[in-house]
Amino acid sequence: MLILRYSIYRFITMLATLVVVSALVFFIMNLPPGDYLSNLIAELRATGQADGISKVEFLRVEYSLDQPLWKQYLIWMGFWPGPHGFSGIIQGDFGWSFEFDRPVAEIVGGALWLTVLVNVAAVLFVYLVALPLGVLAAAKSKTWVDYTSAFVGYLGLATPNFLLALILFYYGHKYLNLPIGGLMAPEFEGQPMSPEKIKSVLLHLIIPTFVIGTSGAAAMMQRLRANLLDELSKPYVDTARAKGVPPVKAILKYPFRVSLNPLVADIGNLLPSLISGSVLVSVVLGLQTIGPALLTALKSQDQFLAGFILLFVAALTLVGTMISDVLLVLLDPRIRFGGRGK
Amino acid sequence: MIKRDTRMNADTAPLLQVNDLSIGFGDQPPIITDVNFSINRGETLALVGESGSGKTITCRSLLRVLPRAAVIHSGTAVFDPKASAPVDLFNLSEKDLRDVRGDRISMIFQEPMHSLSPLHRIGHQVAEVLTLHRGHSRTSAKVEVLEKFRRVGFVDPERAFAAYPFELSGGMRQRAMIAMAMIARPELLIADEPTTALDVTTQAQVLELIKGLQEETGMAVIFVTHDLGVVANIADQVCVLRKGRVMESGPTDIVIGAPAHGYTKKLLAAAPAIPHSAEPSKARPVVDPILQLEGINKTFVSRAGTFFGKNRAVQAVQNVSLTVERGKTFAIVGESGSGKSTVANIALGATSADAGGEIRYWAEKGALPVDVAHLDASERRSFQREAQMVFQDPFSSLSPRMQIIDILTEPLRIHGIGTRKEQKERAAELLEKVGLDKNMLRRFPHAFSGGQRQRLSIARALALNPSLLVCDEPTSALDLSVQMQVLELLEKIRDDFGLSYLFISHDLAVVARIADEVAVMRQGQIVEQAAPDVLFTAPRHPYTKALIAACLEADVSQKINLQTVALGAGDPHTWPEDYAMQGSSLPPLIETEPGHLVRVNP
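What you see is a predicted model; the values in this text were computed from it and never measured.

The number of helices and strands found in chain A is 15 helices and 2 strands. Considered along the principal axes of its C-alpha atoms, chain A spans approximately 85 × 60 × 40 Å. A buried classification covers 34% of the 342 residues belonging to chain A. Residue pairs in contact within chain A that sit at least 24 positions apart in sequence constitute 70% of those at least 6 positions apart.

Written out as structure tokens, the structure is:
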């Protein structure tokens, strides 16, 4: 009951934060002088193609770029009626990409879900690798197990992702016949979901997941090892041993649970760093995520496209933070009853 | 080693016989050397020694709950030799030892605050012993746990079962630990300083509980402690350890009553005691105050458990007034939760009091007082130079990553006093003042012992040449003999530099020694205040009397009835009529004779 109430409360604050973030994103994007259309007009004038100007002027009115900035923002979000009534983000109209000359929704549509897929896979990979290795390294600290995992971990941290990607592609293809580039075989692109398509996507996911997740996993493993080592020297661990709890259980049931807190709190931070970190990797690996689109949009001041992508990343982050907050409340009674303790 | 065991004879084989125990860390020379002791069923053996004597390592080695680097070099620990298959605890496989742990031999640790997992319900942690060793189901274990909780003194066992450790006080957590240790009815209980972190009344309660349980079950108890007062009151046999060797062992009456070894005598001499009689001195009016608190209240608002629930207010300090005289020591004693540390923080302006009270500070005699609660930035800086604090725990109040020189010069740097060279000279001078060598400046705190660290904290507090030191339990974390040295140092610098102390402690014996004026606090209120020789020889308030009675002295001829003192002062509604609580308030604090304030009906 308490959890439900807390989750609702957290959800409401998340929506409020999202609105603030959207305003920040919009105004920061508009800080550099000019916008895509005025740049275009200047270019058309300079090259003497005056006939194109009228179309651009039409777009300017159509997308309310002639309005003051605060009104543009409200119209973009859908809080204020534009030329065609309420039609903004909250109504599901994500705007027009001038660069690609297509609706934003069409450009990012498929890429959004692939982005989520790639990053969720990477997060899962991070936790699946980091948790057991971190526990092992702490339990066997200062033995060859510890040193080996630390070595592999630092290697993972230190290798540039794109380099790792190229190496893995080469050997993955040579020995395991893993596909190179993309997130599915070309023949499935634009096709409806089918078992073969899912299989193809999963096969293509292996290397990107590994590449994007490695450094995160290495960092988290080291953090878990340090946390757990701190906890292992706490008196309650001795209490458990003196009770006759078997060694593995004595680690997993008590200190491991306490040392999980910072890792759970990391979920929210992990998502944005993975997404921004994976932009370059996506370009190298030819993944159809929103990374490459974001790069293009930012370069050409394509504000609706860039704004939408940034807002989407912010939403992912906030959802991650919310999940970690709710999990923390579930995991740690000290947080749950924060007010009741002495 | 002096061994005077008069009880051992052939037909009563001991429950546990430890022979020639040696333990070391890695390849280093052993820290425990040839330790022998034995304990009979139903008996209490006290392992006594200062920190570093190896008493904790010795008792932990029995269940092999040792630091990873510690290695048992040699020795046997034969458990239950009369049984058909006696076991050598040091020779058992890890798996067989697990069956002994928590079942036949159980342990209680010193830190009730940290010895329970913070994330698991107390009931489940206790019940785990039964599910591990007795194959109980969760429900059948719960029935037994509730029963045991009732026995160890939880008024509402169901609530205690569902509680998390942070919801209970230190004494209650130690009760939960005892319940956990006793739930499987062990034959031997090892208690490692179980009452050191508790205040006197709670200590008496816990000791009484252990004694009572021992009588019911006939278990043997190994009691590790540095407190000879505790030993004199509960132990049958004593084993005195020093630097990993047994100095003297034998029945308590003899070892404590008539010690033969010089070290035992030295320990006994260092044990502080409340003076039994003295000429009460005449009260003098305060002529030169340095700090005055008047009508101080402090209410803490604890947030409600839910986001929409009501907040709850706790009044930690109620209408406290006191005056510290220049060059003297004003002490506040009280149990944990009495609000004494809050008063200390308020006195320094570190915590703000509720509106209404006043805190005055006189920089020098006859000067205009400043109002500590409403200082502007520059007044605050100069007040911080004048008033400094010494903390309780010398292990956590010094940054482990800073060298001593940086720790000592930091206050000077903050206040921009002197050049680097002058600051360094000042640091060296400070070290000498507190009795440490000035070539220790480049060391880190971990290279120092507890007593040395407390000297460092004092040196740091002295760096700015303050006039007022607030000492919050400065000796509670220290060994008895070290405690004595630190008290001597505090007295010396007080007299050398004309310092004034506001001294917070729960230890009446320490206060009896250093204070010029003592206030006894109970639940945020001063219940009695007088000069120490008056307060300790002619206490009037029932609460003060109970506190004094609960102090255990290292005297076997004067054993205290733990059962009586464990009750403490009891419910304030049941006190003698003049002192009793009426409704929800105690009588007013009035001066019954010059210099003696008591909360009593006029």
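Here the narrative resumes, following the displayed structure.
With that settled, the discussion passes to the overall build of chain B. Assigned secondary structure in chain B consists of 20 helices and 23 strands. Here the C-alpha radius of gyration of chain B, 26 Å, is about what a compact globule of 602 residues would show, namely 25 Å. With respect to the three principal axes, the spread of C-alpha positions in chain B is 80 × 60 × 55 Å. Counting every position in chain B, which comprises 602 residues, the buried fraction comes to 47%. Long-range contacts, defined here as pairs at least 24 residues apart, represent 68% of the contacts in chain B between residues at least 6 apart.

Bringing the UniProt feature "transmembrane region" (unreviewed entry) in chain A into the picture now. Residue and element names in this part refer to chain A. Per the UniProt record, "transmembrane region" (unreviewed entry) is found at residues 7-29, 111-139, 151-171, 201-221 and 304-331. Counted over residues 7-29, helix gives 100% and strand 0%. Its end C-alpha atoms are 32 Å apart. Taken end to end, residues 111-139 comprises 100% helix and 0% strand; its first and last C-alpha atoms sit 42 Å apart.

To continue, consider the UniProt feature "domain: ABC transmembrane type-1" (unreviewed entry) in chain A. Annotation from UniProt places "domain: ABC transmembrane type-1" (unreviewed entry) at residues 112-331 of chain A. Span residues 112-331 of chain A is 82% helix and 0% strand, its end C-alpha atoms 31 Å apart.

In this section: the environment of V231 of chain B. On the secondary structure map, V231 of chain B appears in helix 8 (residues 228-234). The contact partners of V231 of chain B, leaving out residues within four places of it in the chain, are A46, V48, T225, V238, T252 and I256 of chain B.

Let us now look at the sheet that holds strand 2 (residues 16-25) of chain B. The strand order across the open sheet built from 4 strands is 3-2-5-6 (chain B), with neighbouring strands paired in antiparallel fashion. Sheet topology places strand 3 (32-39) and strand 6 (87-88) of chain B at the edges, where each strand pairs with a single neighbour.

Residues and elements named next belong to chain B. As summarised here, the arrangement of the 8 strands in space is 17-18-19-14-20-21-23-22, forming an open sheet in which the pairing is mixed. Strand pairing shows two members of the sheet lacking a second neighbour, strand 17 (387-390) and strand 22 (589-593), which therefore form its edges. Neighbour-to-neighbour, the strand axes of this sheet turn through a mean angle of 25 degrees, independent of strand direction. Where strand 22 lies against strand 23 (residues 596-599), 4 bridges are found, and the strand directions are antiparallel.

Residues and elements named next belong to chain B. Counting through the fold element by element, S338 comes out in the loop between strand 14 (329-334) and helix 11 (340-347). The exposure class assigned to S338 is buried, which follows from the 25 C-beta atoms found within 10 Å. With 325 residues separating them in the primary sequence, S338 and A13 have C-alpha atoms 48 Å apart. Look past the residues within four positions of S338 in its chain and what remains in contact with it is M521, R522 and Q523.

All names here are of chain B. The element strand 20 (residues 517-522) is largely enclosed, with a buried count of 6 among its 6 residues. Of the two faces of strand 20, the one holding E517, A519 and M521 and the one holding V518, V520 and R522 are both buried throughout. Where strand 14 and strand 20 come together, 5 bridges link them in parallel fashion. Within strand 20, the residue paired with A331 across the bridge is V518. Examined bridge by bridge, strand 20 and strand 21 (residues 525-530) share 5 bridges and lie antiparallel to one another. Residue pairing across strands places A519 opposite Q529, the latter belonging to strand 21. In this antiparallel pair of consecutive strands, strand 20 and strand 21, the connection spans 2 residues, and Q523 shows a positive phi of 45 degrees.

Criteria and cut-off values
- Residues numbered from 1 in each chain as written.
- Chains lettered and ligands numbered in written order.
- Predicted model: local features only at pLDDT ≥ 70, side-chain atom pairs only at ≥ 80, totals over all residues.
- Helix = DSSP H or I, 4+ residues; strand = E, 2+ residues; numbered from the N terminus.
- Buried ≥ 20, exposed ≤ 12 C-beta atoms within 10 Å, placed from the backbone.
- Contact = placed C-beta atoms within 7 Å.
- Rg over C-alpha atoms; globule rule 2.2 N^0.38 Å.
- UniProt positions renumbered as here; feature names shortened; annotations may be inferred.
- Pairing = 2+ DSSP bridges.
- Axes fitted to C-alpha atoms, helices over the stretch in contact; angles between N-to-C directions.

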